[in-house]
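# Close look at the chain arrangement
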Amino acid sequence: MKVPKIQCVCGFGCGSSLMLRMAIDDILKKHDLEADTFCGDVGTCLSNPCDVIFISRELAERIVDRADVPVRIIENFMDSSEVEEKVLEYMNSLN
Amino acid sequence: MEELVRTDNIASQVEVFDWKDAIRKAGQILIDTGDIKEAYIEDMIESVNTLGPYMVIAKGFALAHAAPCEAVLHNAVSLINLKNGVDFGSRNDPVNVVMCLACTDRQSHMEKIQKIAMRLMEEGTIERLAECKTDKELYEVFNKIKENE
């Protein structure tokens with residue numbers, strides 16, 4: 001199976017998105033799942049090739065209507081159980 | 001133990017009157033330490049004005065930051081907790097802990113942020129940071145000095 005590319009998005013692609021990426025990487029590792037994660041900013045994220053976008057609710061509103069890939073909303077980037085649930089749900093949807 | 005945030009970059013029980021003031025007070029620390037210029041504070045506030053309160057990335061916690069720019073002289077972080085929480089207009093309000101993050105580029109700070117993220121993800125960290133009464137306590141909780149006590 002192709003390794004999914006997960007894009008984590010915030011305003012600039014270097015602050016909170018990086019925090020989210022760390023949280024997602026942590027969950028992937030914990031469950032022995034393979035995915036490529038990278039950060040993007042809300043202005044350009046739709047032109048970056050990826051299979052799914054993880055993003056905060058406020059920023060999701062700006063892209064959700066134009067996105068060609070699934071957009072998954074994370075309310076609390078530092079809540080491991082929320083990140084875990086949403087990452088696993090996405091990964092399971094690929095099977 | 002690795003020091004994630006230096007003593008000089010921490011302030012506890014800071015009094016602020018709104019979210020902008022909270023960002024200004026967290027940012028002022030980095031002006032005082034010579035890591036950023038005033039313009040970066042305005043960038044952070046403008047980011048919330050244009051993009052919304054997405055920086056409130058966890059319950060009670062705001063990660064104030066803006067894009068890397070010339071107003072950032074060195075990679076740096078500051079951490080404050082607030083005497084009284086303020087609303088950013090987020091579902092994670094009220095915010096009691098504000099971290100200001102300044103980066104000179106998109107890459108060089110990754111390792112540090114990773115460690116900070118791991119700390120923040122540990123259950124109860126943000127609540128404990130919110131309760132600290134002194135700078136010393138805030139420093140110790142964040143850098144986890146009393147880990148095994």
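Just so it is clear, the model here is predicted, and its values are computed rather than measured. (Residues numbered from 1 in each chain as written. Chains lettered and ligands numbered in written order. Predicted model: local features only at pLDDT ≥ 70, side-chain atom pairs only at ≥ 80, totals over all residues.)

### Points about the overall build of chain B
In plain terms, the rule: Numbered from the N terminus, helices here are DSSP runs of H or I no shorter than four residues, and strands are runs of E no shorter than two. As defined in this context, the radius of gyration uses C-alpha atoms, and a globule is described by 2.2 Å times the residue total to the power 0.38. Burial is judged by counting the other C-beta atoms within 10 Å of a residue's own C-beta: 20 or more makes it buried, 12 or fewer makes it exposed, and any count in between marks it as partly exposed, with every C-beta position built from the backbone. Each residue is represented by a C-beta atom placed from its backbone, and any two residues with such atoms within 7 Å are regarded as in contact.
Scanning chain B for helices and strands turns up five helices and four strands. Its helices and strands taken in sequence order, chain B reads β-α-α-β-β-β-α-α-α from the N to the C terminus. Against the 2.2 N^0.38 benchmark of 15 Å for 149 residues, chain B shows a C-alpha radius of gyration of 14 Å, consistent with a compact globule. Counting only C-alpha atoms and orienting by the principal axes, one finds that chain B spans roughly 40 × 30 × 25 Å. Residue burial in chain B is summarised as follows: out of 149 residues, 44% are buried. Once local pairs closer than 6 in sequence are excluded, the contacts in chain B between residues at least 24 apart make up 73%.

### A look at the environment of G27 of chain B
Residue and element names in this part refer to chain B. Take G27: it is sitting in helix 1 (residues 19-32). The spatial distance from the C-alpha of G27 to the C-alpha of A64 is 8.6 Å, given a sequence separation of 37 residues. Ignoring any residue separated from it by four or fewer positions in sequence, one finds G27 in contact with I36, Y40, I41, M44 and C100.

### Points about the sheet that holds strand 2 (residues 61-65) of chain B
Residue and element names in this part refer to chain B. This is how it is decided: Here a strand pair is declared whenever DSSP counts at least two bridges between the two strands. Only the stretch in contact is used when fitting a helix axis, every axis being a line fitted to C-alpha atoms; angles between N-to-C directions are given from 0 to 180 degrees.
Within the open sheet, the four strands sit side by side as 1-3-4-2. Their pairing is mixed. In the strand order of this sheet, the two ends are held by strand 1 (10-14) and strand 2, each with one partner. In this sheet, neighbouring strand axes are inclined to one another by 15° on average, regardless of whether the strands run parallel or antiparallel. Helix 5 (residues 135-143) contacts strand 1 and strand 3 (76-86) of the sheet and is inclined by roughly 120° relative to strand 1.

### Re the interface of chain B and chain A
Defined as follows: Residues are grouped as follows: Ala, Val, Leu, Ile, Met, Phe, Trp, Tyr, Cys and Pro are nonpolar; Asp, Glu, Lys and Arg are charged; all remaining types, including Gly, are polar.
Across the boundary between the two partners, chain B contributes 28 residues, which contact 21 residues of chain A. Within the residue set of the side of chain B that touches chain A, elements represented by two or more residues are helix 2 (38-51), strand 2 and helix 3 (110-121) of chain B. Among the elements that line the side of chain B that touches chain A, the one with the most residues is helix 3 of chain B, at seven residues. The residue inventory of the side of chain B that touches chain A, partitioned by class, reads 20 nonpolar, five polar and three charged.

Take it as geometry only, folks, not as evidence of what the structure does.
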